[in-house]
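# Fold and contact review
Now for the letters of each chain:
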Amino acid sequence: MRSARPLILLATALLAIVGAMLFVRENVLDYGLRATATQAEERLKLIGATFSTRIERFRYLPEVIARSREIEDLFRNPASPEASLASNRLLTRINAASGALALFVTDAKGRTLAASNYDQPGSFIGYNYRFRPYFRDAIQSGFGSYYAVGVTTGEPGYFLAVPIRLDGRDVGAAIVKIDLLPLEQQWRDAGELVAVEDKEGVIFLSSEPQWRYRSKQPLAPEGLARIRDEQRYGPADLAVLALGRSTIGWSGLPVASFAEGDAGPHRLMVDMPFAESGWTLLYFADLSFVLAQANIATIAAGLAGLLVLAALKIAHQKRQARKIELRARNELERRVAERTKELRQSNLKLETEIVERQRAQEQLDLTRDSLTQAERLAAIGQAFAGLAHEINQPLAALRTYLASTRMLLARQDTNAVHSNIDVMGEVIGRVSHLTDQLKRLARRDDADFAEIDFASSIDRIAELLKFRFADLGISFSSEIDRPLLILGNNAQLDQVMLNLLGNAIDAVRDRSVRVIRIDGSIEGGACVVRVHDSGPGLDEKTGGRLFEPFHTTKAAGEGLGLGLATVHRILSNHHGEITAGRSPLGGALFTIRLSSVDGAAAAAE
């Protein structure tokens with residue numbers, strides 16, 4: 001019994017707290033709802049006044065039109081083109097000055113004789129509107145008004161109509177069409193949810209566009225039939241808006257809940273009759289602040305009760321807390337010691353792994369450099385195959401000139417001997433130039449970047465490969481603007497052009513048409529070089545992996561798959577790029593972009 005007493009006291013206290021929370025919530029909610037309803041009613045009055053003002057701005061226009069001299073002349077001479085044109089122009093001027101959607105006049109049978117949009121597509125002229133209530137009301141009672149979607153233009157508007165009287169009889173009607181849609185935008189800009197419904201209960205204006213031409217509840221069959229006969233809202237399906245109605249709190253005020261749109265889950269609904277055409281203005285006030293205040297007050301009441309309970313337990317809690325703190329401290333120290341030991345071991349293991357990864361990275365860099373050098377030497381080997389034939393010719397010529405020189409010395413013909421020696425010097429210089437180019441490509445060059453002419457690098461590689469071009473019957477051409485000044489490394493850029501031209505040679509060697517072309521120019525502060533070939537080109541599957549290391553489209557044993565990867569890496573180090581595409585020659589197109597010296601200086605500024 002003694003052990004159950006604390007539980008009974010606790011349960012009683014909790015029930016008291018819950019009761020207090022509910023009481024506070026209902027009072028705060030009731031007060032907030034009534035205050036919100038009062039504010040909504042005041043706001044709805046102001047909206048109604050603004051609505052009326054917009055309509056009243058145009059109410060005088062039908063009378064002005066009906067009494068104008070041009071309209072009278074039109075009805076006295078309906079077949080006169082001059083009277084018709086004068087009436088149309090009058091309506092156009094008045095419409096432009098007033099800001100109405102349209103102005104038009106009809107005869108007594110509802111057929112349009114003149115309109116402000118007479119010279120535009122969708123003109124009202126010739127259309128008969130006798131089925132519209134505004135026309136019938138104007139003829140029968142002297143004034144008609146009606147909101148509808150235009151059957152000619154499909155644009156909604158509010159129609160005001162008065163009869164046109166001539167010699168004491170009604171001969172037609174003057175009608176103005178007003179655009180009320182700007183009111184929707186004003187309501188949206190103000191962050192308000194406002195709607196207007198007609199006497200049948202169909203919403204035709206709303207700050208929520210998807211509510212337009214819907215009803216809060218199913219329409220009566222006779223009302224629906226009347227709307228269809230009058231073509232009031234065109235082909236709209238007049239669906240029922242998913243809107244629930246309920247009450248919250250003690251006030252009994254109506255609250256609407258929405259299943260669609262951005263209106264929010266719950267809003268206080270306030271309505272007000274509008275004198276115009278039996279309409280009703282609807283205002284849906286946001287209840288999020290009221291509900292939030294009620295929730296805050298409820299939570300505050302609950303917290304206050306809990307604080308009272310907490311105060312009763314403080315002394316006991318402190319005593320228990322000291323014991324728990326001591327046990328927790330001892331346990332924490334033990335766990336810290338264990339964790340420190342684990343971290344120390346993990347740290348040692350991590351340091352070992354870092355050293356191993358550094359060694360692996362160094363080995364990887366070394367292997368990559370070796371493979372890159374091997375790729376370069378392979379390209380040089382291919383170039384050397386053509387150079388061998390070119391070097392053999394001057395060497396054979398040197399043997400001939402040496403034999404000839406010996407004979408000329410024996411004859412003591414010193415002039416001829418000097419001439420032979422000059423020729424042999426030129427031949428040796430040519431061979432030396434070719435071997436210098438091979439040595440430049442073969443050596444590793446880690447020099448810093450300097451200002452170089454990329455066009456010269458292209459010329460060197462083209463000169464080196466011209467023998468391969470000739471042996472394989474390849475037509476090579478270049479159109480390069482000079483100079484192409486960039487900041488770069490000569491040896492590395494030589495390798496870029498050697499790899500690209502080598503790939504182009506491999507691509508066209510088995511083709512019936514063998515063409516390679518290089519274009520170079522300065523475009524927008526960048527040095528752009530394009531390498532074209534007439535080879536088979538690149539498919540989509542291959543194009544996506546072109547610049548990956550060890551990916552090659554060549555047969556086994558013909559390449560390491562490092563050429564384009566090396567080109568991509570070198571150009572990236574030069575802050576440039578390379579892209580692949582389709583050449584106008586039918587084969588592959590590789591485009592190199594590097595910052596020119598002028599472009600780099602402008603970017604630095």
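So, how was this worked out
Residues numbered from 1 in each chain as written. Predicted model: local features only at pLDDT ≥ 70, side-chain atom pairs only at ≥ 80, totals over all residues. Heavy atoms only, no water. Helix = DSSP H or I, 4+ residues; strand = E, 2+ residues; numbered from the N terminus. Buried < 20%, exposed > 50% of the residue type's maximum accessible area, 1.4 Å probe, protein only. Salt bridge = Lys/Arg side-chain N within 4 Å of Asp/Glu carboxyl O. Arc of directions from axis to C-beta. Contact = heavy atoms within 4.5 Å. Core = buried A, V, L, I, M, F, W, Y, C linked by side-chain atoms within 4.5 Å. Pairing = 2+ DSSP bridges. Axes fitted to C-alpha atoms, helices over the stretch in contact; angles between N-to-C directions. Lys, Arg positive; Asp, Glu negative; His and termini not counted. Left-handed = near helix turned anticlockwise from the far one by under 90°. Nonpolar A, V, L, I, M, F, W, Y, C, P; charged D, E, K, R; others polar. Phe/Tyr/Trp six-rings, centres within 6.5 Å; stacked < 30°, edge-to-face > 60°. Patch = residues over 30% accessible without salt bridge, like charges linked within 9 Å, V, L, I, M, F, W, Y side chains within 5 Å. Areas by Shrake-Rupley, 256 points an atom, 1.4 Å probe, with all protein chains shown as cover. Charge placed at Lys NZ, Arg CZ, Asp CG, Glu CD. Polar contact = N/O pair within 3.5 Å; in protein donor to acceptor, adjacent residues only side chain to side chain.

## Describing the overall build of the chain
When helices and strands are counted, the chain shows 14 helices and 19 strands. The buried share among the 605 residues of the chain stands at 40%.

## With respect to unusual backbone geometry
Omega for the bond connecting Arg482 with Pro483 falls within 30 degrees of zero, at -5 degrees, which places this linkage in the cis form. With respect to the secondary-structure elements, Pro483 resides in the loop between strand E14 (475–480) and strand E15 (485–488). Of note, the phi angle at Gln231 is positive, near 55 degrees, even though the residue is not glycine. Within the element layout of this structure, Gln231 appears in the loop between helix H7 (221–230) and strand E9 (243–247). In this structure Gln231 comes out as partly exposed when scored by relative accessible area, which is 37%. Phi is positive for His575, close to 60 degrees, though the residue is something other than glycine. Structurally, the position occupied by His575 is in the loop between helix H13 (563–573) and strand E18 (577–582). Among the residues examined, His575 registers a relative accessible area of 70% and is labelled exposed.

## Remarks on the pattern of salt bridges
Close approach of charged atoms allows side chains of opposite charge to pair. A complete count under the given rule lists 28 salt bridges for this structure. Put simply, Glu200 and Arg232 hold a salt bridge, and the shortest N to O gap is 2.7 Å. In this pair, Glu200 sits in the loop between strand E6 (193–197) and strand E7 (202–206) while Arg232 sits in the loop between H7 and E9, placing the two residues 32 residues apart along the sequence. In this structure, Glu200 and Arg232 share a single accessibility class: buried. Overlapping salt bridges, with partners in common, bring together Asp198, Glu200, Arg226, Glu230 and Arg232 in one network.

## A short note on helix H6 (residues 181–189)
Side chains that are three or four residues apart share a direction in an α-helix, a result of its 3.6 residues per turn. Listed in full, the buried residues belonging to H6 are Leu183, Glu184 and Trp187. One side of H6 carries all its buried residues, which in axial view fall inside an arc of 105 degrees. Those residues of H6 hidden inside the fold are in contact with helix H1 (5–59), E6 and E7. Of the residues trailing H6, Gly191 is marked for its positive phi of about 70 degrees.

## Points about the nonpolar core
One finds Phe51, Leu180, Tyr233 and Trp279 to be the most contacted residues of the largest nonpolar core, which totals 58 residues. In this structure, Trp279 is in contact with Phe51, Ile55, Tyr147, Tyr158, Leu180, Val196, Glu197, Asp198, Phe204, Pro273 and Phe274, ignoring residues within four places of it in sequence. The next biggest cluster of nonpolar side chains, apart from the first, holds 35 residues, and it includes Leu484, Val496, Leu498 and Leu500.

## Some thoughts on the sheet that holds strand E3 (residues 144–149)
Taken together, five strands build an open sheet; the order of strands is E2-E1-E5-E4-E3 and the sheet is antiparallel. A single partner strand is all that each edge strand has here, and the edge strands are strand E2 (112–115) and E3. Recorded for the sheet is a direction-independent mean angle of 25 degrees between the axes of neighbouring strands. Bridge count for E3 against strand E4 (residues 156–166) is six bridges, and the pairing is antiparallel. Counterpart to Tyr146 in the pairing with E4 is Phe159.

## A few points about the side chain of Arg132
Along the chain, Arg132 turns up in the loop between E2 and helix H5 (133–141). Although Arg132 lies buried, it forms no salt bridge, and the closest oppositely charged side chain, Glu230, sits 6.5 Å away as judged by the N-O distance. Filtering out sequence-adjacent residues up to four positions away, Arg132 remains in contact with Tyr146, Ala148, Val149, Gly150, Val151, Glu230, Gln231 and Arg232.

## Focus: the environment of Phe204
Relative to the helices and strands, Phe204 is located in strand E7. In this structure Phe204 comes out as buried when scored by relative accessible area, which is 0%. For the pair Phe204 and Tyr233, spaced 29 residues apart in sequence, the C-alpha separation works out to 8.4 Å. Apart from residues lying up to four places away in sequence, Phe204 is in contact with Tyr147, Glu184, Val196, Glu197, Asp198, Arg212, Tyr213, Tyr233 and Trp279.

## Considering the sheet that holds E14
Two pairing modes exist for strands in a sheet, parallel and antiparallel, and in both the strands are linked by backbone hydrogen bonds. The strand order across the open sheet formed by five strands is E14-E16-E17-E19-E18, and the pairing between neighbours is mixed. Edge positions in the open sheet fall to E14 and E18, since each of these has one partner strand only. Recorded for the sheet is a direction-independent mean angle of 15 degrees between the axes of neighbouring strands. In this sheet, strand E19 (residues 588–595) lies alongside strand E17 (residues 526–533) in antiparallel orientation, the contact comprising seven bridges.

## Section: the packing of helix H11 (residues 490–508) against H13
In the contact formed by H11 and H13, the axes pass within 9 Å of each other and the chain directions differ by 145 degrees. In this structure, H11 crosses over H13, and the sense of that crossing is left-handed. Contacts between H11 and H13 involve Gln492, Leu493, Gln495, Val496, Asn499, Leu500 and Asn503 from the first element and Gly563, Leu564, Thr566, Val567, Ile570 and Leu571 from the second. Split by residue class, the contact of H11 with H13 holds seven nonpolar, six polar and no charged.

## Notes on the packing of aromatic side chains
For the structure on display, the rule yields 16 aromatic pairs. Arranged with centres 5.6 Å apart and planes meeting at 55 degrees, the rings of Phe104 and Tyr129 form a pair that is tilted. Remark: Tyr129 occurs in the loop between E2 and H5 and Phe104 occurs in strand E1 (residues 102–107); sequence separation between them is 25 residues. As far as burial versus exposure is concerned, Phe104 and Tyr129 are alike and both buried. An aromatic cluster is defined as three or more aromatic residues linked by ring pairs; in this entry it consists of Phe51, Tyr147, Tyr158, Phe204, Phe274 and Trp279.

## A short note on a positive patch on the surface
A cluster of basic side chains, namely Lys318, Arg319, Arg322, Lys323 and Arg327, defines a positive patch on the protein surface. Tracing the sequence through the fold places Arg327 in helix H8 (residues 288–410).

## As for the side chain of Ser215
Looking at the secondary structure, you find Ser215 in strand E8 (residues 214–215). One polar contact links the side chain of Ser215 to the main-chain carbonyl oxygen of Gln217, over a distance of 2.8 Å. Filtering out sequence-adjacent residues up to four positions away, Ser215 remains in contact with Gly201, Val202, Ala239, Val240 and Leu241.

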